[in-house]
Amino acid sequence: MVQWKERKKSKIYIPPKKDVSKMIAVPQKQSLEAVVEAPDKAPGVPVTAAPDGTIGNLLQPLDEIAGFKVRPGYYRMEGAFATVDGVSFSISSHGATSCTLLLFHPYESEPFAELPYPESYHIGDTYSMLVYGLKIDEFEYAYRMDGPYDERKGLRFDKTKVLLDPFAKAVTGQRKWGEKPEGGEDFVYKARVVRNDFDWGNMQFINYPFEDLVIYETHVRGFTKDSSSGVRESEAGTFEGLRKKIPYLKNLGINAIELMPIFEFDEMESARVVDGVQLYNYWGYNTVCFFAPNTGYSSSVEHNHEGNELKRLIYDLKKNGIEVILDVVFNHTAEGNEMGPSFSFKGIDNNIYYMLTPDGYYYNFSGCGNVMNCNHPVVRRFILECLRHWVIEYRVDGFRFDLASILGRDQSGAPMDNPPILEALAFDTVLSGTKLIAEAWDAGGLYQVGSFPSWNRWAEWNGRYRDDMRRFLKGDNGTAGGALERILGSRDLYNPEQRGHRASVNFLTCHDGFTLYDLYSYNGKHNEKNGWDNTDGDNNGNSWNCGVEGPTDDPEVEGTRRRLVKNAFAALLCSRGPAMFYAGDEFCNTQFGNNNAYCQDNIISWLDWNRLEEYKEIHDFVRFMINFRKRHPIMRKRTKPAACGLPEISVHNGYPYNSNTDQGTHLIGVMYAGRNAFDTGDDIIFYAMNSYWEPLTLQLPELSNGMEWYVEVNTNVEYEDGFDFGTKTEIFGPNTIRVPARTTIILKAK
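Note that this is a predicted model, so its numbers are computed, not measured.

### A look at the environment of Thr736
- Secondary-structure assignment places Thr736 in strand 36 (residues 736-739).
- When the C-alpha atoms of Thr736 and Gly654 are compared, they prove to be 9.8 Å apart, with 82 residues separating the residues in sequence.

Structure (C-alpha cells):
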C-alpha cells in the first residue's frame with residue numbers, strides 16, 4: 001500500500017518496495033467519491049487517496065498557463081477535486097467553443113488568474129485540467145465560456161459572464177442571509193473546493209418500510225428562528241439549531257423528517273418591501289446549485305468544509321432513529337426566464353438544460369420562469385449524479401421531488417408514458433434503497449396523482465387524500481365514500497396487490513396551504529401581506545372557521561377547533577400508508593390565515609414555540625396517536641391474518657358490515673384485524689368518526705373468544721394533563737356507543 005507521513009503539515013510520498021503500478025490505495029477514513037478509476041493516468045502510475053480525502057497521483061505537469069503548471073485532469077469526475085499536487089477542474093459543454101478557468105482570492109470580485117483550457121485538454125464535450133500548486137483554502141473558482149449567441153436557437157454563450165460550476169460542492173457570495181452585494185448588484189457566484197473528511201463511522205441507513213413512516217415536514221430556518229425556540233441566537237434558523245431540537249422530535253415520535261429545500265438558493269430573488277416589511281424568497285424553491293448546501297443555514301463559517309454542519313445534523317437524526325428526506329427542485333432553477341440572470345446553465349448549454357419553445361423562449365410549467373429539460377441525456381445524467389452525491393456523501397434516506405410531473409415531460413413539454421429520468425432513478429443501483437416521493441402535478445396543468453409512472457418504486461404526495469379528507473372532516477355532504485377510500489390506502493388509485501400501501505403519502509397539511517389550526521380558523525385565505533392583493537395562494541382550501549374568522553376568545557369555538565385538529569390527526573394516523581404533517585401542527589401553530597407564506601421570513605412562517613404550552617393538549621394527543629399507530633401496525637399496513645377469522649379490513653357505517661354511503665352519511669367505521677407487532681395475539685382496532693353536528697349512534701360488530709370493546713381514544717373528552725384520551729367514554733348497551741358531534745372514537749378489542 002502507499003504510505004503517508006506528516007511532515008510540517010505536508011504529505012510526503014514514501015516509495016513502496018514492491019510494484020504498485022496497478023493498485024489503488026484506499027485509506028479507512030475517506031470519501032467514497034475519492035475511490036476513483038483513473039484511465040487517463042500515465043502508464044504504471046498509481047492513483048492514491050490521502051487520509052483527508054484528496055486524490056493523489058504521480059502525474060507530471062505538461063504545460064504552463066498563467067504561471068501555473070498544468071496537465072489534463074480527471075475527465076470522468078465533473079467538478080473540482082483536490083489532489084495531492086493541486087486541483088482537477090472538469091466541466092462539460094456541448095456548444096461552447098472555448099472555456100476559461102477563473103481563479104479568485106477569497107471574497108474578491110476580480111480573478112487573480114485566468115487559465116484558458118488548451119484545445120488538447122478538450123475531449124468530446126469535456127474540458128479538464130489539473131492545476132498544480134493550488135491550496136484549496138486560498139482560492140475560489142468559476143468559468144467563462146465562449147460560443148455562438150442566437151436567442152432564437154436557444155444559444156446564449158457570453159464570454160463576459162462569470163459561470164458557476166454546476167457540480168460545485170460549495171458556493172460563495174451569499175453566505176449571510178438576506179444580504180445583497182454592495183450597490184444592490186446581482187450575485188457573482190463562485191465555488192470552493194470542499195475537503196470531504198467527515199467521519200460517518202459505521203453509520204448505516206435505517207431503511208424503515210415506507211408505510212411505517214411518520215414524516216415531519218419542516219423549514220430549516222423557520223423551525224428555530226423565533227426566540228421562542230429556545231436555541232442560542234447564533235444558532236437560530238440553522239442546521240445546528242434544528243439539531244438542538246432532536247430530543248423534541250424523538251419525544252414526539254416521528255421517524256422521518258422532510259427538509260424543505262436546503263440546496264444553495266437565492267432568497268434575494270424577487271426580494272421586496274411590502275408595508276415596511278422585507279420579503280424574501282423564503283421557502284427556497286429556486287435552486288442556484290444542486291450539489292451544495294445552503295451556506296446561509298450554517299451557524300458558523302465552514303470554508304472548505306461546507307456541509308459538515310448539515311452532516312452532523314443528519315448523523316444525529318439517524319442516530320436517534322429519524323430518517324432524512326430532502327425536498328429537491330429539479331423542475332426549474334433560479335436563472336428564471338429571458339429576463340433572468342445568466343450565472344450557470346444558461347451560459348453553459350442553455351438549449352440543453354432548459355425546455356425551450358421553437359423560437360427560443362422558456363417553457364414555464366413550473367410557474368417560476370423556466371423548466372429544466374430533465375429527459376435530455378445530459379440533464380438526466382446530471383440529476384442522477386446529484387442524487388447519488390447526496391446519498392453517498394450525506395447519507396440521505398429519500399427525496400421528495402417538487403412538481404415532479406415536469407420530470408415526466410419530453411423536450412417539447414409533452415407528457416411521456418415512460419419518462420427516462422423517472423425510470424433511471426427507479427432502477428439506479430446507488431439509489432436502490434432510497435425513498436422516491438413525487439409531488440405528482442405541475443403548474444402546467446398536468447395532474448398525475450394515482451397515475452405517476454412508478455415501476456413500483458415511486459410514491460406520491462396524495463393530493464386526493466388531502467382534499468377528500470378535508471371535506472369529510474368538516475362535515476360536507478356526500479364525502480364519506482371518498483374519505484373511506486383514502487383512509488383505507490386509496491385502493492381506487494393504487495392497486496394494493498401491486499404497489500401496496502407504499503405509494504400513497506397521506507397528508508392533510510404541508511408547507512403549501514393552511515396550517516392545520518388555520519384550516520379550522522379561516523374560511524378564506526389572508527395573503528394580503530404577500531403584496532399581491534390576496535390573489536396568490538389556493539382558493540380551494542376546504543377550510544372552515546368554526547363560526548368566527550380568525551382569533552377568538554369564544555371557548556365553544558376554540559373547543560370545536562381543538563377537537564377538529566384532533567380528529568384530523570386521528571384520521572391521518574389511522575390511515576393505511578405513510579403519514580406526513582407540517583411542523584408546528586402538533587401545537588396549533590398559525591400563519592394567521594396566510595396559505596402561501598413563501599415570502600414571509602418572520603413570525604408568519606416561523607414556529608411560535610410559545611404555543612407548545614398553550615396547546616399542550618394537542619401536542620400530547622399527537623404524541624399519543626403516533627405511539628398508538630406504532631403499537632398497532634394493522635392500521636398502517638397488512639399483517640398476518642387474525643386468528644379469530646375477522647377480515648383484515650371491514651367497514652361499519654353506523655351498524656356492522658354496512659359499507660354503503662350516500663349524501664347524508666356522516667358516521668363511518670373501519671375495523672382493522674390482524675396479528676399484533678409481536679405476533680402474540682390478534683390486534684383488532686375500530687376507528688369511528690362522526691363529522692355531523694349532532695351525536696349519532698354506532699353499533700359495533702360482535703367479538704368472539706370472550707373479547708370486548710374498550711375505548712382507547714375519544715376526541716370529545718375534557719383534557720387533563722397525563723390523562724388517557726379515552727377512558728371516560730361510556731359504552732351504551734351491548735356493542736353500542738353514542739358518538740358525540742364532530743368526534744372521533746377509537747376502540748380496541750381486548
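### Remarks on the side chain of Arg499
- Turning to its location among the elements, Arg499 is positioned in the loop between helix 9 (480-487) and strand 29 (504-507).
- With sequence-adjacent residues up to four places away left out, Arg499 is seen in contact with Phe452, Ser454, Asn456, Trp458, Ala459, Glu460 and Tyr494.

### Describing the confidence of the model for the protein chain
- Of the residues in the protein chain, 90% reach a pLDDT of 70 or more, and the chain-wide mean stands at 90.
- For the stretch residues 1-52, pLDDT sits under 50, and the model shows 85 contacts to residues farther than four places along the chain or on other chains.

### Examining the pattern of salt bridges
- As enumerated under the stated definition, the model contains 42 salt bridges in all.
- In this structure, Glu78 engages Arg381 in a salt bridge whose closest nitrogen and oxygen atoms are separated by 3.4 Å. With Glu78 in the loop between strand 7 (68-71) and strand 8 (79-82) and Arg381 in helix 6 (residues 377-394), this residue pair connects regions lying 303 residues apart in the sequence.
- Measuring nitrogen to oxygen at the nearest pair gives 3.2 Å for the salt bridge that ties Glu712 to Lys750. One end of the pair, Glu712, is in strand 35 (residues 709-714); the other, Lys750, is in the segment after strand 37 (743-749), and 38 residues separate them in sequence.
- By relative accessible area, which is 11% here, Glu712 ends up buried.
- The class for Lys750 is partly exposed, based on a relative accessible area of 48%.
- One network of salt bridges, with partners in common, ties together Arg232, Glu235, Glu240, Arg243, Lys244, Asp316 and Lys319.

### Comments concerning the environment of Phe104
- Along the chain, the position of Phe104 falls in strand 10 (residues 98-104).
- Looking at Phe104, the relative accessible area reads 0%, which means it is buried.
- Every residue in contact with Phe104, bar those within four places of it in the chain, is listed here: Ser109, Glu110, Pro111, Phe112, Glu138, Phe139, Glu140, Tyr141, Ala142, Val162 and Lys190.

### Topic: the packing of helix 11 (residues 555-573) against helix 13 (residues 616-631)
- For the pair helix 11 and helix 13, the least separation of the axes is 10 Å and the interaxial angle reads 15°. The orientation of helix 11 with respect to helix 13, classified from their angle, is roughly parallel. Considering only the axes of helix 11 and helix 13, their crossing is right-handed. For the pair formed by helix 11 and helix 13, the contact residues are Arg562, Val565, Lys566, Phe569, Ala570, Leu572 and Leu573 on the first element and Glu617, Ile618, Phe621, Val622, Met625, Ile626 and Arg629 on the second.
- Grouping the amino acids of the contact of helix 11 with helix 13 by side-chain chemistry returns ten nonpolar, no polar and four charged.

### Some details on the packing of helix 8 (residues 463-473) against helix 9
- The geometry of helix 8 relative to helix 9 is characterised by a closest axis approach of 8 Å and an angle of 135° between their N-to-C directions. On the basis of the axis angle, helix 8 is oblique to helix 9. Taken as a pair, helix 8 and helix 9 cross one another with a handedness that is left-handed. When helix 8 is examined against helix 9, the residues Arg464, Tyr465, Asp468, Met469 and Phe472 are found in contact with a partner set consisting of Ala480, Gly482, Ala483, Arg486 and Ile487.
- In terms of residue class, the contact of helix 8 with helix 9 is built from six nonpolar, one polar and three charged.

### Description of the nonpolar core
- Ranked by size, the top nonpolar core spans 192 residues in total, and within it Phe89, Tyr141, Tyr216 and Phe401 carry the most contacts.
- One finds Ala673, Ile684, Ala688 and Val739 within the second-largest nonpolar core, a separate group that totals 18 residues.

### Some words on the pairing of strand 9 (residues 86-92)
- Within strand 9, seven of the seven residues are buried, which leaves it mostly tucked inside the rest of the structure.
- Bridge analysis of strand 8 against strand 9 gives four bridges, and the strand direction is antiparallel. If you follow Ala82 over to strand 9, its bridge partner there is Val87.
- Connecting strand 8 to the next strand, strand 9, in antiparallel fashion are three residues.
- In terms of strand pairing, strand 9 meets strand 13 (residues 126-132) through seven bridges, oriented antiparallel. Residue pairing for strand 13: Ser90 is matched across the bridge by Ser128.

### Describing unusual backbone geometry
- A positive phi angle is found at Tyr107, which is not glycine, with a value near 75°.
- Here Tyr107 shows up in the loop between strand 10 and strand 11 (113-116).
- When its relative accessible area of 63% is taken as the criterion, Tyr107 is described as exposed.
- With phi around 60°, Tyr657 is a residue other than glycine that occupies positive phi space.

The rules behind each value
Residues numbered from 1 in each chain as written. Predicted model: local features only at pLDDT ≥ 70, side-chain atom pairs only at ≥ 80, totals over all residues. Heavy atoms only, no water. Helix = DSSP H or I, 4+ residues; strand = E, 2+ residues; numbered from the N terminus. Contact = heavy atoms within 4.5 Å. pLDDT = per-residue confidence, 0-100. Salt bridge = Lys/Arg side-chain N within 4 Å of Asp/Glu carboxyl O. Buried < 20%, exposed > 50% of the residue type's maximum accessible area, 1.4 Å probe, protein only. Axes fitted to C-alpha atoms, helices over the stretch in contact; angles between N-to-C directions. Parallel < 35°, antiparallel > 145°, perpendicular 65-115°, else oblique. Left-handed = near helix turned anticlockwise from the far one by under 90°. Nonpolar A, V, L, I, M, F, W, Y, C, P; charged D, E, K, R; others polar. Core = buried A, V, L, I, M, F, W, Y, C linked by side-chain atoms within 4.5 Å. Pairing = 2+ DSSP bridges.

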